[in-house]
Amino acid sequence: MKYRILGFFCFISSCFYACQSSESTTEASDVDVSNVKVSVNIERLEEPLMQLKTKEEIKGFLEKHRTFVETFYQTPANDTALISRLDYLIHYPEIQELYRQTQEEFGNLDDLKKEFEGAFKHIKYHYPDFKEPKIITTFAALDNELVVSDSLIIIPLESFIGPKAKYRPQHPNYMLRRYDKPYIVPTVVTLLSRKYNKIDINDRTLLADMVFYGKSFEFTRAVIPNIADSLVMAYADSNLVKSWHNQGQVWAHFIDNKLLYETNDRIKDKYIGERPYVTEIGTDCPGRIGQWLGWRIVSRYRTENPKITLEELMQNANAREIFEQSKYKGQTEE
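The structure displayed is predicted, hence computed values, not measured ones.

## Some points on unusual backbone geometry
- The phi torsion at alanine 234 lies on the positive side, around 55 degrees, for a residue other than glycine.
- By the secondary structure assignment, alanine 234 is in the loop between α13 (229–233) and α14 (237–245).
- Of the residues examined, alanine 234 reaches a relative accessible area of 6% and is grouped as buried.
- For lysine 258, which is not glycine, the phi torsion reads 50 degrees and is therefore positive.
- For lysine 258, the position within the fold is in the loop between α15 (247–256) and α16 (265–272).
- We classify lysine 258 as exposed; its relative accessible area is 68%.

Here it is as structure tokens:
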């Protein structure tokens, strides 16, 4: 399976540290992965790509990297329109400046490789049959999104320079937070979790979608020890604080409006899809609040069932069972 970054977040669509740590499980920090062996290979295509001079060179490069081209650009390697587009980008002065900034920000990628190694070790600890995907970095002048599949990860580095980038992806400000270096590995891991995240295809309820996201985020927190919830959810810290302290009000809205077992996709998208805030609840309620509530349910489920392993959680496709055993009713913990 293959996923793009927006596809995941839009599919189906102090006080901060208190909300970050109160529901964290200890399983990840107790796991010893020192003897787990993984191989992380990062093939850097941005450097040879941006050194090409002619259309003939570009054509040869694309033919040499057919799998990359067909996966990332979703077109044949001999696509003349793509060749012309790349020729234009490679020689455009403003794009060259963005490329130089990308090189300066990411350097030799040692930090990124180390992060992937840590995450992959934890995944392999839980799932010994896990095969490390090949990782390719590239430069696409903001034309393409991150692509993740079980066997291949393609990262357009310029999209993740962060707020100081000369140019940024064309998304609303409330979505740009995740386009920064610290979000790369958590986003990839959350997407990789889908391989292990079992679902009941006959359950089309909002609750099922919420628990699906909750399990994905719980997986990410388990395989990236000590990660901040803000990196997992791609929420601003202020949104986490608001969500935590207002969850009783948010939960009441879900219950009063009988949303948990809603199956209308248009209604469901209001609560799990991308929005600056959920107008039906209030301007202090960030978009994707249903995803966050799903994570609260899953976190509570693990608190109430401490013997449940990560593998057993991900294997459980019964969203209603997870919800009922979580005993979650919008409460915060002392």
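## Brief notes about the pattern of salt bridges
- The final tally for this structure, using the stated rule, is 22 salt bridges.
- In this structure, the salt-bridge partner of lysine 164 is glutamate 105, at a minimum N-O distance of 3.4 Å. Remark: glutamate 105 occurs in helix α8 (residues 93–106) and lysine 164 occurs in the loop between β5 (152–156) and α10 (173–176); sequence separation between them is 59 residues.
- Note that arginine 178 and glutamate 274 form a salt bridge whose closest N and O atoms lie 2.7 Å from each other. Remark: glutamate 274 occurs in the loop between α16 and α17 (289–304) and arginine 178 occurs in the loop between α10 and α11 (184–192); sequence separation between them is 96 residues. Of the two residues, arginine 178 and glutamate 274, neither departs from the other in class, the shared state being buried.
- One salt-bridge network, held together by shared partners, links Glu218, Arg221, Asp229 and Arg302.

## What to know about the pairing of β5
- With five of five residues buried, β5 lies mostly within the body of the structure.
- Judged by which residues are buried, β5 turns out to be covered on both faces: Leu152, Ile154 and Pro156 on one side and Ile153 and Ile155 on the other are all buried.
- The sheet contact formed by strand β3 (residues 134–138) and β5 spans five bridges and is parallel. Bridging across to β5, threonine 137 finds its partner in isoleucine 155.

## Examining the environment of histidine 91
- For histidine 91, the position within the fold is in helix α7 (residues 80–91).
- Sequence spacing of histidine 91 and leucine 52 is 39 residues, and the spatial spacing of their C-alpha atoms is 9.3 Å.
- Sequence-distant contacts of histidine 91, defined by excluding residues within four places in its chain, comprise Leu52 and Lys53.

## Quick notes on α7
- Along its twelve residues, α7 runs 17 Å from first to last C-alpha, staying within 8% of the 16 Å computed at 1.5 Å per residue.
- Buried residues of α7: Leu82, Ile83, Leu86, Asp87, Leu89 and Ile90, and no others. In a view along the axis of α7, the buried residues occupy a sector of 170 degrees, so they form one face of it. What points out from α7, more than 90 degrees from its buried face, is the exposed set Thr80 and Ala81.
- On its buried face, α7 is in contact with α4 (46–50), α5 (55–64), α6 (66–72) and α8.
- If you check the start of α7, you find a side-chain oxygen 2.9 Å away from the backbone N of alanine 81, and it comes from aspartate 79.

## Quick word on the side chain of threonine 137
- Mapped onto the elements, threonine 137 comes out in strand β3.
- The contacts of threonine 137, once residues within four sequence positions are left out, are Ile42, Glu43, Arg44, Leu45, Glu46, Leu109, Ile155 and Leu157.

## Here's the deal with empty space enclosed by the protein
- By volume, the second largest cavity amounts to about 40 Å³.
- Taken together, Leu49, Met50, Leu86, Leu89, Ile90, Phe139, Ala140 and Ala141 make up the full set of residues lining the second largest cavity.
- Looking at the lining of the second largest cavity, the elements that each hand over two or more residues are α4 and α7.
- In terms of residue class, the lining of the second largest cavity is built from eight nonpolar, no polar and no charged.

## Here we look at the pairing of β3
- Within β3, four of the five residues are buried, which leaves it mostly tucked inside the rest of the structure.
- Summarising the sheet, strand β2 (residues 42–44) and β3 pair through three bridges and their orientation is parallel. The residue bridging arginine 44 from the neighbouring strand is threonine 137, located in β3.

## Things to note about the nonpolar core
- Phe116, Ile155, Phe254 and Ile289 are the most contacted members of the largest nonpolar core, which totals 97 residues.
- At eleven residues, the largest contribution of residues to this core is made by helix α12 (residues 206–223).
- In contact with phenylalanine 254, other than residues within four places in its own chain, are Leu206, Met210, Leu259, Leu260, Tyr271, Ile281, Ile289, Gly290 and Leu293.

## Points about the environment of glutamate 117
- With respect to the helices and strands, glutamate 117 occurs in helix α9 (residues 110–126).
- A relative accessible area of 28% means that glutamate 117 is categorised as partly exposed.
- Spatially, the C-alpha atom of glutamate 117 lies 9.7 Å from that of asparagine 41, the residues being 76 residues apart in sequence.

How each quantity is defined
- Residues numbered from 1 in each chain as written.
- Predicted model: local features only at pLDDT ≥ 70, side-chain atom pairs only at ≥ 80, totals over all residues.
- Heavy atoms only, no water.
- Helix = DSSP H or I, 4+ residues; strand = E, 2+ residues; numbered from the N terminus.
- Buried < 20%, exposed > 50% of the residue type's maximum accessible area, 1.4 Å probe, protein only.
- Salt bridge = Lys/Arg side-chain N within 4 Å of Asp/Glu carboxyl O.
- Pairing = 2+ DSSP bridges.
- Contact = heavy atoms within 4.5 Å.
- Expected span 1.5 Å × (residues − 1).
- Arc of directions from axis to C-beta.
- Polar contact = N/O pair within 3.5 Å; in protein donor to acceptor, adjacent residues only side chain to side chain.
- 1 Å grid on protein atoms, 1.4 Å probe; cavity = no way out; pocket = protein on both sides within 12 Å on 5 of 7 lines; lining within 4 Å.
- Points joined across faces, edges and corners; volume = space filled by probe spheres on them.
- Nonpolar A, V, L, I, M, F, W, Y, C, P; charged D, E, K, R; others polar.
- Core = buried A, V, L, I, M, F, W, Y, C linked by side-chain atoms within 4.5 Å.

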